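An overview of the molecular structure
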Amino acid sequence: MSKSLPYSMKDVHYDNGKFRHRSVSKAISQALLTSKVNPDHVKCSTGKFLGLLLIGGIVCLMMTHSSTLHSVSHDVAKDSESKEGRNFIADGRNRLKRLLRRPPRLPPRLSPDEMVVISNKSTHEHPNSSSDSKWQAKQQRVKDAFVHAWTGYKNYSMGYDELMPLSHKGVDGLGGLGATVIDALDTAMIMGLDEIVMEAGSWIENHLPERINGKDQVNLFETTIRVLGGLLSAYHLSGGEQGGNVLHKGPKPNIYLENARNLADHLLPAFTSSPSDIPFSDVVLHDRSAHPAPDGLSSTAEVASLQLEFNYLSSLTGDPKYSLEAMKVFQHIKTLPKHEGLVPIYINPQTGEFNGENIRLGSRGDSYYEYLIKVWLQQRGSNCSYLYDMYMEAMKGVRHLLVKKSVPNGLVFVGELPYGHQGEFSPKMDHLVCFLPGTLAIGATKGLTKEKAMRENLLNFEDLENLKLAEDLAKTCVEMYSVTSTGLAPEIAYFNMEGNSEGPDGGNKSSKYVNDIIIKPADRHNLLRPETVESLMILYRITEDPKYREWGWEIFEAFEKYTKVESGGYTSLGDVTVIPPRRRDKMETFFLGETLKYLYLLFGNSNVIPLDQFVFNTEAHPIPIKGTAKHR
Ligand code: DMJ
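Thresholds, definitions, all that
- Residues numbered from 1 in each chain as written.
- Predicted model: local features only at pLDDT ≥ 70, side-chain atom pairs only at ≥ 80, totals over all residues.
- Heavy atoms only, no water.
- Helix = DSSP H or I, 4+ residues; strand = E, 2+ residues; numbered from the N terminus.
- Buried < 20%, exposed > 50% of the residue type's maximum accessible area, 1.4 Å probe, protein only.
- Lys, Arg positive; Asp, Glu negative; His and termini not counted.
- Salt bridge = Lys/Arg side-chain N within 4 Å of Asp/Glu carboxyl O.
- Near = heavy atom within 4 Å.
- Polar contact = N/O pair within 3.5 Å; in protein donor to acceptor, adjacent residues only side chain to side chain.
- Areas by Shrake-Rupley, 256 points an atom, 1.4 Å probe, with all protein chains shown as cover.
- Nonpolar A, V, L, I, M, F, W, Y, C, P; charged D, E, K, R; others polar.
- Axes fitted to C-alpha atoms, helices over the stretch in contact; angles between N-to-C directions.
- Parallel < 35°, antiparallel > 145°, perpendicular 65-115°, else oblique.
- Left-handed = near helix turned anticlockwise from the far one by under 90°.
- Contact = heavy atoms within 4.5 Å.
- Pairing = 2+ DSSP bridges.
- pLDDT = per-residue confidence, 0-100.

Here's the deal with unusual backbone geometry
The residue after V407, namely P408, is reached through a cis peptide bond having omega 5°. The residue P408 is located in the loop between β9 (403–405) and β10 (412–414) in this model. Omega for the peptide link from I579 to P580 comes to -5°, which places this bond in the cis form. We note that R364 has phi near 75°; this positive angle belongs to a residue other than glycine. With respect to the helices and strands, the residue R364 is situated in the loop between β8 (354–355) and α15 (366–378). Not every positive phi belongs to a glycine, and A620 is a case in point at roughly 70°. As for its placement among the helices and strands, A620 is situated in the loop between β14 (614–616) and β15 (622–624).

Now the structure itself:
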């Protein structure tokens, strides 16, 4: 069993310089220096003199009043006279200081709707008033990349799920609902790309209903996070909750909501035809039937990553059935045995029991942990505190059982327990695990900046531990990119724990971590995945540390260099450790839905889709936190 890492308060760097208390004399001199009053006018006239006397009197009264209160408590404490005297003066000073101190300037809190307007303005008129021109230019580069990706998709594969950018054709890898159109739509809205919003919106209006009603088998999870999530977010961002399309070109927002509802009605049999509270993994759309996967099992991450979307749909439609079905999954999992909050990656919908002992935060396990905290955030104030408890217990379990450091250079990573908590530890980490730094950071500050959360005393010891772990893991995820020849991460990395042993590496011999990170031949592909840049965006916003932007920019440049296809689109790669890398001929929908969206937000103004008002579903579709949006 592993020992937990020695995270402690002293590891948390907090620069509170901006908020340190000022001395009384400094406060007065600063007040005079910054005062708008012309000093000439202060030259003593009788009226001014009387005014000053009056102010002095008020201050004196306050000090006397405070001393009365203070002396009562000190009588009880039987403190000495001199100490009381000192306290009397100190207390008076504090009151004076509080009187003179200017409140800290906080960023304006915007409603989601104001935010969307700003987002539009930011891309059309004033690119980004608060960040410098260096980052505006980089943000524009990401926007250009999105247009290039969309253009390739539109030219060669409009209406297919995915683009094959080298073959110039489309492929329906997700059941044929035009997944790229819907995954990309809210990114286009956020970037203010009205023409693409029009193209995607019209396709949805004209083609999606017949696809939903007529297509064959789809996966419940993939369809929910990409298509249902994309439609709901498009509905919100286009102003649906204000009753009209006030914010974007394209069809009326209700088109998005109607399609979302129709799709959810077709997906519901996955829940209602299962004998347990755990849904089947597959749905046949045209006859509204559902069945288990061929091995009879559902993935834990898949059944537990539907709730943000179904909850929001219930809230928009006023029909509770979507939320009720989806939330049964969590209510049921709450009752199942776990190990330190960690759960196996498979669950049986026939019995409702976990299957096997394989524990990991990579594929099939990942977004279970993500949705525990995000659904709690979404439903805050409702009866969901058990989700918060499950999340905190699980993160404690992660720190205790799965977090280790590599040798020789001590990269912090999250490994796996393929044979359960009593079996051997595996130092394997999927790139998918790189969602965790972002989730840990959001879980710690609840979307506020670290500075604000610290100032308001909102972080407990465990929050600080989780935030520190988030920062360490984000660095590790970035090193998974830097260690390869292309600067792009492999799908899976192993971490060296054996002292001298050296495995196959990423090819960048100048990386300090070339012996810490082992990349096996079968794991060298890159699918344009978003998890690392997702975490960088969140950590940048929460810590305000510019290094996260710099790291994100390096990753973006590597995507540009090695995955861009001249004729349009971007391609996944077969091997990131060699130059030129082998190309795979597939542009995943999440490159437009997630990767480019997170990069765009990373380089832009943090008030766009603020983290204390929205949660991103696991496909990066922003969903408003309950109570922050006007519901119909
Ligand atoms: C996305 O579909 C989602 O982020 C999912 O949770 C995990 N895999 C991909 C992106 O890598």
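Brief notes about the side chain of E594
In this structure, E594 sits in helix α22 (residues 589–602). In this structure, E594 is buried with no salt-bridge partner, the nearest side chain bearing the opposite charge being R226 at 6.9 Å.

Side note on the site of the ligand
Every residue lining the ligand is accounted for by I225, R226, L432, R529, P530, E531, F590, E594, T618 and E619. Here R529 contributes a side-chain N or O atom positioned 2.6 Å from an oxygen atom of the ligand. Protein contact buries 91% of the 290 Å² of open area that the ligand shows by itself. When residues of the shell around the ligand are traced back to their parent elements, those giving at least two are α9 (220–237) and α22. Looking at the shell around the ligand residue by residue, the class counts come to four nonpolar, one polar and five charged.

Quick word on the packing of helix α17 (residues 436–445) against helix α20 (residues 531–543)
Relative orientation and spacing of two packed helices are given, respectively, by the angle between their axes and the distance between those axes. For the pair α17 and α20, interaxial distance at closest approach is 7 Å and the crossing angle is 30°. One way to sum up the angle between α17 and α20 is to call them roughly parallel. Regarding α17 and α20, the two cross each other, and that crossing is left-handed. Between α17 and α20, the residues in contact are L436, P437, G438, A441, I442 and T445 and S535, I538, L539 and I542, respectively. Taken together, the residues of the contact of α17 with α20 sort by class into seven nonpolar, three polar and no charged.

Remarks on the sheet that holds strand β11 (residues 428–430)
Read from one edge to the other, the open sheet built from three strands follows the order β11-β12-β13, with strand pairing classed as antiparallel. At either margin of the open sheet sits one strand with a lone partner, and together these are β11 and β13 (517–518). The strands that helix α19 (residues 461–482) touches are β11, β12 (492–495) and β13; relative to β12, the one it contacts most, it runs at about 110°.

Points about the packing of α15 against helix α16 (residues 385–402)
It is the contact of α15 with α16, at a shortest axis distance of 8 Å, that shows an interaxial angle of 140°. It follows that α15 is oblique to α16 by the angle criterion. The element α15 and its partner α16 pack so that their crossing is left-handed. Between α15, through Y368, Y369, L372, I373, V375 and W376, and α16, the contact on the second element is made entirely by S385, L387, Y388, M390, Y391, A394 and M395. Residue composition of the contact of α15 with α16, by class: twelve nonpolar, one polar and no charged.

Side note on the environment of E531
Inspection of the secondary structure puts E531 in helix α20. Put simply, E531 and C434 are 97 residues apart on the chain and 5.1 Å apart in space, counted from C-alpha to C-alpha. Beyond its immediate sequence surroundings of up to four residues, E531 is in contact with H431, L432, C434 and F435. A polar atom in the side chain of E531 sits 3.1 Å from the side chain of H431.

Some thoughts on the confidence of the model for the protein
Per-residue confidence for the protein gives a mean pLDDT of 83; residues scoring 70 or more make up 78%. Contacts from residues 1–128, a stretch scored under 50 in pLDDT, to residues over four places away or in other chains number 122 contacts.

Section: the environment of G397
By secondary structure assignment, the location of G397 is in helix α16. Given the relative accessible area of 0%, G397 is considered buried. Remark: the alpha-carbon pair of G397 and L342, spanning 55 residues in sequence, is separated by 6.4 Å.

Quick notes on the environment of Q217
Its place among the elements puts Q217 in strand β3 (residues 217–219). A relative accessible area of 38% places Q217 in the partly exposed class. Sequence separation of Q217 and G176 is 41 residues, and the distance between their C-alpha atoms is 9.1 Å. Ignoring any residue separated from it by four or fewer positions in sequence, one finds Q217 in contact with G175, D282, V283, V284 and H291. Here the side chain of Q217 touches H291 through a polar contact of 3.0 Å, side chain to side chain.

Some thoughts on the sheet that holds β8
Backbone-to-backbone hydrogen bonds join strands into a sheet, with any given pair of strands oriented parallel or antiparallel. A sheet is described by the order of its strands in space; here three strands give the open sequence β6-β7-β8, paired in antiparallel fashion. The sheet is open, and its two borders are formed by β6 (298–299) and β8, each paired with just one other strand. Sheet topology note: the strand β7 (residues 346–347)/β8 ladder contains two bridges and is antiparallel. Across the sheet, Y346 pairs through a bridge with N355, a residue of β8.

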